Amino acid sequence: MGKFILVLVTLFNLIYASVAFSEVIDRVVAYVDSYAITLRDFESVALKMKEKIPQIKNEEILNTMINRVLLLKKAKELFIEGKDEELINNYIDLKIKSTIIIPENEIREYYEQNKVQFKNIPYTSVRNEIEKYLFEKELNKKLKEHIEELKEISEIKIIFIP
């Protein structure tokens, strides 16, 4: 009986010591399907983003991270190799940029509607700049729509916003 109590006390001490000295290594901030965004990941990204955009909110940073995970997941389904940024850029090129065409009449129409802004600069001198602007605008719109579609078919759970 004494040995049994001694074993129980020793076992209790081992369990208590391991619990007492254990620490939380990292917390999960959000899940995107089976991928976890950790607090450490969030803090690393937030530090870089706040250097460039000091007024950015943590919620916006987390949403950006979620969007990136969604795009990377889809990119990895299509492309086998490459760094994350390269995969995402290739995916955006293939799925979104390749579908955008800015018709000449839209470029001309934009020029006519914003002639004051161009201060008598001829159309031919600003045509490419206008096309690039309209292309980027359309890209942002389509990318936002695509991400919303990806969110609808994904399971996203935000645990907390730091």
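In the block above lies the structure referred to throughout.
On a predicted model such as this, the values are computed, not experimentally measured, just so you know.

Each value, and the rule that gives it
Per chain, residue numbering runs from 1 following the sequence as it is written. It should be noted that, the model being predicted, local features are given only for residues of pLDDT at least 70 and side-chain atom pairs only at 80 or more, the latter also being counted only at that level, while totals for whole chains, interfaces and linings use all residues. Heavy atoms throughout the structure, all of them, feed into the side-chain values; hydrogens and water do not. Buried and open spaces are told apart on a 1 Å grid over the protein atoms alone, a cavity being a set of points where a 1.4 Å probe fits but cannot get out and a pocket being an open set with protein on both sides within 12 Å along at least five of seven lines. Residues with an atom within 4 Å of a point are the lining residues. Grid points are joined across faces, edges and corners, and a volume is the space filled by probe spheres set on the points. Where helices and strands are cited, they refer to DSSP runs of H or I of at least four residues and of E of at least two residues respectively, numbered from the N terminus. By the convention adopted, Pro, Cys, Tyr, Trp, Phe, Met, Ile, Leu, Val and Ala count as nonpolar, Lys, Arg, Asp and Glu as charged, and the other residues, Gly among them, as polar. Between any two strands, pairing holds if DSSP finds at least two bridges. Angles run from 0 to 180 degrees between N-to-C directions of axes, and those axes are lines fitted to C-alpha atoms, restricted for helices to the stretch in contact. Residues are treated as being in contact if the distance between any of their heavy atoms lies within 4.5 Å.

Digging into the layout of surface pockets
Now for step 1: Counted as a void, the largest pocket has a volume near 610 Å³.
Now for step 2: Around the largest pocket, the lining comprises 25 residues; the ones closest to its centre are Thr64, Met65, Arg68, Val69 and Ile88.
Now for step 3: For the lining of the largest pocket, the elements supplying multiple residues, two or more each, are strand E2 (35–38), helix H2 (39–52), helix H3 (58–78) and helix H4 (84–95).
Now for step 4: Counting residues per element, the lining of the largest pocket draws most heavily on H3, at 10 residues.
Now for step 5: Looking at the lining of the largest pocket residue by residue, the classes come out as 13 nonpolar, five polar and seven charged.
Now for step 6: Considered as a void within the structure, the second largest pocket measures approximately 230 Å³ in volume.
Now for step 7: Elements with a contribution of two residues or more to the lining of the second largest pocket: H4 and helix H7 (123–152).
Now for step 8: Among the elements that line the lining of the second largest pocket, the one with the most residues is H7, at eight residues.
Now for step 9: Grouping the amino acids of the lining of the second largest pocket by side-chain chemistry returns four nonpolar, three polar and six charged.

Structural notes on the sheet that holds strand E3 (residues 156–158)
Note on sheets: strands pair through backbone hydrogen bonds, and any given pair is parallel or antiparallel.
Now for step 1: Strand order across the open sheet formed by three strands is E2-E1-E3, with antiparallel pairing between neighbours. Of all strands in the sheet, those bounded by a partner on one side alone are E2 and E3. Averaged over all neighbouring strand pairs, the angle between strand axes comes to 20°, with direction disregarded.
Now for step 2: Pairing of strand E1 (residues 28–32) with E2 involves four bridges; the strand directions are antiparallel. Bridging across to E2, Val32 finds its partner in Tyr35.
Now for step 3: Sitting on the sheet, H2 touches E1 and E2, and the angle it makes with E2 is about 60°.

What to know about the environment of Tyr91
Now for step 1: Position of Tyr91 among the secondary structure elements: in helix H4.
Now for step 2: Residues Tyr91 and Leu72, spaced 19 residues apart in sequence, show a C-alpha to C-alpha distance of 8.3 Å.
Now for step 3: When near neighbours in sequence (up to four residues on either side) are disregarded, Tyr91 contacts Leu71, Lys74, Ala75, Leu78, Phe79, Ile96 and His146.

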